[in-house]
Amino acid sequence: MAATFSRCFTLALFMVTLMVSPSSSLANMNVIDKCWRGNPLWRSERQQLAKCSVGFAGKMINNIGKDIEKYKVTDLFDDPLSPKSGTLCYGTTMIKGKVWITFKNNMTITLQRPLLLSSFTAIDGRGIDVHITGAGCLLVYQAADIIIHGLRIHHCKAQPPSIVMGPNAKVIPLGRMDGDAIRLVTARKVWIDHNTLYECQDGLLDVTRGSTNVTVSNNWFRNQDKVMLLGHDDGHLRDKNMMVTVIFNHFGPNCNQRMPR
Ligand SMILES: *[C@@H]1O[C@H](CO)[C@@H](O)[C@H](O)[C@H]1NC(C)=O
Ligand SMILES: *[C@@H]1O[C@H](CO)[C@@H](O)[C@H](O)[C@H]1NC(C)=O
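Cut-off values and rules
Residues numbered from 1 in each chain as written. Chains lettered and ligands numbered in written order. Predicted model: local features only at pLDDT ≥ 70, side-chain atom pairs only at ≥ 80, totals over all residues. Heavy atoms only, no water. UniProt positions renumbered as here; feature names shortened; annotations may be inferred. Helix = DSSP H or I, 4+ residues; strand = E, 2+ residues; numbered from the N terminus. Salt bridge = Lys/Arg side-chain N within 4 Å of Asp/Glu carboxyl O. Buried < 20%, exposed > 50% of the residue type's maximum accessible area, 1.4 Å probe, protein only. Pairing = 2+ DSSP bridges. Axes fitted to C-alpha atoms, helices over the stretch in contact; angles between N-to-C directions. Phe/Tyr/Trp six-rings, centres within 6.5 Å; stacked < 30°, edge-to-face > 60°. Lys NZ or Arg CZ within 6 Å of the ring centre and 35° of its normal.

Per an unreviewed UniProt entry, the protein chain is named Pectate lyase, and its organism is Gossypium arboreum. Turning to the protein chain, the UniProt annotation filed under Sequence similarities (unreviewed entry) states: "Belongs to the polysaccharide lyase 1 family." The record held by UniProt for the protein chain lists under Catalytic activity (unreviewed entry) the comment "Eliminative cleavage of (1->4)-alpha-D-galacturonan to give oligosaccharides with 4-deoxy-alpha-D-galact-4-enuronosyl groups at their non-reducing ends."

See the structure below:
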């Protein structure tokens, strides 16, 4: 009895020590996390994240600078054809140039159609619980310089061909979407970090059709049969140049195949 008690006490003390000692937690962080999480002021210096990427995406320096627009999502509503200011879709499609998107509150955004991301877009869900679900979900099509960070994307469903608002406020027709959490099609320089992806209709992440210079880091993939696809057809010769870094991710529980394929 006394021995058990003292062992529990030692363990509790050890856990408290771990929680209060910033130097030991910093030592446990990987090179990406140390870069921004090591800064106690990261909430007010969010753009610092752009320089923390590693691997083939390179540093995301094209996402920052004086000409950046800071945009806050305040409205969880999704109208994919005429997005209102305050919605996520407005931030990813209607704003030209560099945009850094954050969220006002915890929210669940249920997409009515797949969400297209414009070049020079950073979505930053740090410090808040943002769930994205519904039709789609995220699509990077012929775009570059994109950061997707700190989102929970799940229960994404297939979508038949549809018309959506696209980059630079242009309405575009989309083909069928299989229901992946994130899909990259002819995309370049994309950093996907610290997202939690699970239970989608098709897969969690597809990188296809000449996409390259992608880093997939610190994500948690779970509860999915087909997890990650890098190139999907031997006939697509452009995929010979595909360069993707996959690092510091966690797979499982309940992942079955393509980790990655
Ligand atoms: C892709 O990454 C490689 C290796 O880091 C680099 O040499 C190249 O310039 C990058 N290409 C683009 C288009 O960003
Ligand atoms: C967001 O949700 C988390 C738990 O899911 C909770 O701990 C946190 O307090 C919430 N934050 C806000 C601002 O409501």
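Take the UniProt feature "domain: Pectate lyase" (unreviewed entry) in the protein chain next. Feature annotation in UniProt assigns "domain: Pectate lyase" (unreviewed entry) to the following positions: residues 106-261. Counted over residues 106-261, helix gives 0% and strand 56%. Its end C-alpha atoms are 33 Å apart.

The next subject is the pattern of salt bridges. Applying the stated criterion across every chain yields a total of 7 salt bridges. For Asp129, the salt bridge goes to Arg152, with nearest N and O atoms at 3.1 Å. Of the two residues, Asp129 sits in the loop between β5 (121-124) and β6 (130-135) while Arg152 sits in strand β9 (residues 152-157), which places them 23 residues apart along the sequence. Relative accessible area serves as the criterion here: at 33%, Asp129 is assigned to the partly exposed category. Several salt bridges converge on common partners, so that one network encompasses Arg46, Asp124 and Arg126.

Strand order in the open sheet made by the 7 strands is β1-β2-β5-β8-β13-β16-β19, with parallel pairing throughout. Where the open sheet ends on each side, the last strands, each with one partner, are β1 (69-73) and β19 (244-247). For this sheet, the mean angle separating the axes of adjacent strands, direction not counted, is 10°. The sheet contact formed by strand β8 (residues 144-149) and strand β13 (residues 188-193) spans 5 bridges and is parallel. When the bridges of β13 are listed, Ala144 appears paired with Arg188.

What follows covers the packing of aromatic side chains. Under the definition given, this model contains 3 aromatic pairs. Arranged with centres 5.9 Å apart and planes meeting at 20°, the rings of Tyr71 and Tyr90 form a pair that is stacked. One end of the pair, Tyr71, is in strand β1; the other, Tyr90, is in helix α4 (residues 88-93), with 19 residues separating them in the sequence. For Tyr71, a relative accessible area of 8% corresponds to the buried category. Ring centres of Phe221 and Phe251 lie 5.1 Å apart, and the angle between their planes is 15°; this geometry places the pair in the stacked category. Of this pair, Phe221 sits in strand β17 (residues 220-222) while Phe251 sits in strand β20 (residues 250-251), and the two are 30 residues apart along the sequence. The class of Phe221 is buried, set by a relative accessible area of 0%. Geometry around Trp36 places Arg126 over its ring, the cationic atom sitting 4.7 Å from the centre. The ring of Trp220 carries the charged tip of Arg222 above its face, separated from the ring centre by 4.5 Å.

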